[in-house]
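Each chain, written out:
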Amino acid sequence: MNTIESEDDLRKICTFCAEIKKQEQYNLYCEMFGKQINYRYILKETEHFLVIPPAGSFVPGYLEIIPKEHVPSFGKLSSKLDEELTCLRILVEDWIKKYYSKYVIYFEHGSANFKNRGGSTSDHAHLHIVPVPKYVDLAPSLFRDFNPIKIIDFSAIHEQVKNGNPYLLYTHHDNIMYICDASNAKSQYFRRETLIQLGLEELWDWKTNLGRENIMKTIEMSEKYAF
Ligand SMILES: [Zn+2]
Ligand SMILES: [Zn+2]
């Protein structure tokens with residue numbers, strides 16, 4: 001029997017790494033759409049990041065930014081890449097605003113390491129960027145369940161993982177950014193909270209609600225109207 005014992009073992013079966021490297025094995029998009037998907041899921045690429053429509057797309061226009069480097073969270077990435085990440089995030093957000101919703105939230109379940117995951121189900125960092133109706137606001141949920149603080153940039157997330165702690169990062173559509181310690185966060189916390197507010201709670205688990213149709217709609221939209 002195979003047992004997963006180290007971070008290295010996990011890296012070998014990281015679906016994000018397979019998708020970045022355009023490998024068929026462990027590649028969720030090849031599983032969902034077959035080989036003919038032909039890496040169309042990579043909507044945008046910069047030096048250190050990719051933009052993809054994630055498995056679990058409960059609406060079209062839902063995107064994720066992932067770093068090419070296998071790190072458990074953006075906090076673990078070099079702060080030198082914060083600027084590239086921010087520029088890409090703004091580009092993605094503007095695209096979503098143009099074609100899907102004026103209101104865009106983004107969030108990360110920031111793992112400290114592969115055991116202390118802060119609600120993440122992947123060992124590869126990913127930033128969720130989601131078009132929502134105006135009424136969706138995850139800040140009250142955060143204040144109910146955790147002790148968030150407002151932050152102005154990503155330096156706080158680097159600090160948090162330096163101390164070995166997972167975090168939750170949330171930016172509301174008014175651009176106010178929050179972080180909190182996430183040692184006790186439920187898996188996919190932000191997805192659950194968003195879907196509760198949308199009245200679609202049953203879709204929270206991406207593994208059983210991949211959202212194939214929405215993924216394909218987002219791919220087609222990006223092919224028609226590039227970022
Ligand atoms: Zn990876
Ligand atoms: Zn996540």
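All of these numbers come straight from a predicted model, not from anything done at the bench. (Residues numbered from 1 in each chain as written. Chains lettered and ligands numbered in written order. Predicted model: local features only at pLDDT ≥ 70, side-chain atom pairs only at ≥ 80, totals over all residues. Heavy atoms only, no water.)

Caption draft 1: Looking closely at unusual backbone geometry. Residues other than glycine seldom take positive phi values, yet K22 does so here, at roughly 55°. Locating K22 in the fold gives a position in the loop between helix 2 (15-20) and helix 3 (28-33). A positive phi angle is found at Q188, which is not glycine, with a value near 55°. Note that Q188 resides in the loop between strand 8 (177-181) and helix 7 (189-198). Note on Q188: relative accessible area 2%, which makes it buried. (Helix = DSSP H or I, 4+ residues; strand = E, 2+ residues; numbered from the N terminus. Buried < 20%, exposed > 50% of the residue type's maximum accessible area, 1.4 Å probe, protein only.)

Caption draft 2: Quick peek at the pattern of salt bridges. Applying the stated criterion to the full structure yields eight salt bridges. In this structure, the salt-bridge partner of K68 is E45, at a minimum N-O distance of 2.8 Å. Here K68, found in the loop between strand 3 (63-67) and helix 4 (82-99), pairs with E45, found in strand 1 (residues 44-45); they are 23 residues apart in sequence, far enough to count as distant. Accessibility expressed as a relative area gives 28% for K68, which makes it partly exposed. Owing to a relative accessible area of 49%, E45 belongs among the partly exposed residues under this scheme. (Salt bridge = Lys/Arg side-chain N within 4 Å of Asp/Glu carboxyl O.)

Caption draft 3: Examining the coordination of the zinc ion (ligand 1) more closely. Around the zinc ion (ligand 1), the protein supplies C14 (SG), C17 (SG), H70 (ND1) and H124 (ND1) as donor atoms, at distances of 2.0 to 2.3 Å. Because the angles between the four donor atoms bound to the zinc ion (ligand 1) fall within 104 to 117°, the donor set is best described as tetrahedral. (Donors = N, O, S within 2.8 Å, 3.2 Å for Na, K, Ca; no water. Tetrahedral: all angles 85-135°; square planar, octahedral: opposite > 155°, others 65-115°.)

Caption draft 4: Up close: the packing of aromatic side chains. In the structure shown here, the tally under the stated rule is 14 aromatic pairs. Ring centres 4.9 Å apart and planes at 40° place the aromatic pair F107 and F190 in the tilted group. Of the two residues, F107 sits in strand 4 (residues 104-110) while F190 sits in helix 7, which places them 83 residues apart along the sequence. Look at F190 and you get buried, because its relative accessible area is 0%. Summarising the aromatic geometry, the rings of Y170 and Y178 are spaced 6.2 Å apart at their centres and angled 15° between planes, so their arrangement reads as stacked. Ring pairing ties together the aromatic residues F107, F143, F146, Y170, Y178, Y189 and F190, which thus form one cluster. (Phe/Tyr/Trp six-rings, centres within 6.5 Å; stacked < 30°, edge-to-face > 60°.)

Caption draft 5: A look at the coordination of the zinc ion (ligand 2). At this site the zinc ion (ligand 2) is bound by H109 (ND1), H126 (NE2) and H128 (NE2), with donor distances of 2.1 to 2.6 Å. For the zinc ion (ligand 2), all donor residues lie on one chain, and their spacing in sequence is H-x16-H-x1-H. Residue classification places H128 among the buried positions, given a relative accessible area of 4%.

Caption draft 6: Examining helix 7 more closely. Counting buried positions along helix 7 yields eight of 10 residues, so the element is predominantly enclosed. Every buried residue of helix 7 is accounted for by Y189, F190, R191, R192, E193, T194, L195 and L198. Packed against the buried residues of helix 7 are strand 4, strand 5 (127-131), helix 5 (139-145) and strand 7 (167-171). (Contact = heavy atoms within 4.5 Å.)

Caption draft 7: Fine view of the pairing of strand 8. Of all five residues in strand 8, four are buried; the element is thus mostly enclosed. Strand direction decides the pairing type here: strand 6 (residues 149-151) and strand 8, joined by three bridges, are antiparallel. Bridge pairing in strand 8 places I149 opposite I179. Bridge analysis of strand 7 against strand 8 gives five bridges, and the strand direction is antiparallel. Considered in strand 8, the bridge of Y170 is made with Y178. Linkage of strand 7 to strand 8, two consecutive antiparallel strands, is achieved through a turn of five residues, within which N175 is found at a positive phi near 75°. (Pairing = 2+ DSSP bridges.)

Caption draft 8: The arrangement of the layout of surface pockets in detail. The space that makes up the largest pocket amounts to roughly 400 Å³. Considering the residues around the largest pocket, the lining is formed by 23 residues, among which T15, F16, T121, S122 and W206 are closest to the centre. Among the elements of the structure, helix 2 and helix 3 are those that each provide at least two residues to the lining of the largest pocket. Tallying contributions element by element places helix 2 first for the lining of the largest pocket, with three residues. Tallied by class, the residues present in the lining of the largest pocket amount to nine nonpolar, eight polar and six charged. (1 Å grid on protein atoms, 1.4 Å probe; cavity = no way out; pocket = protein on both sides within 12 Å on 5 of 7 lines; lining within 4 Å. Points joined across faces, edges and corners; volume = space filled by probe spheres on them. Nonpolar A, V, L, I, M, F, W, Y, C, P; charged D, E, K, R; others polar.)

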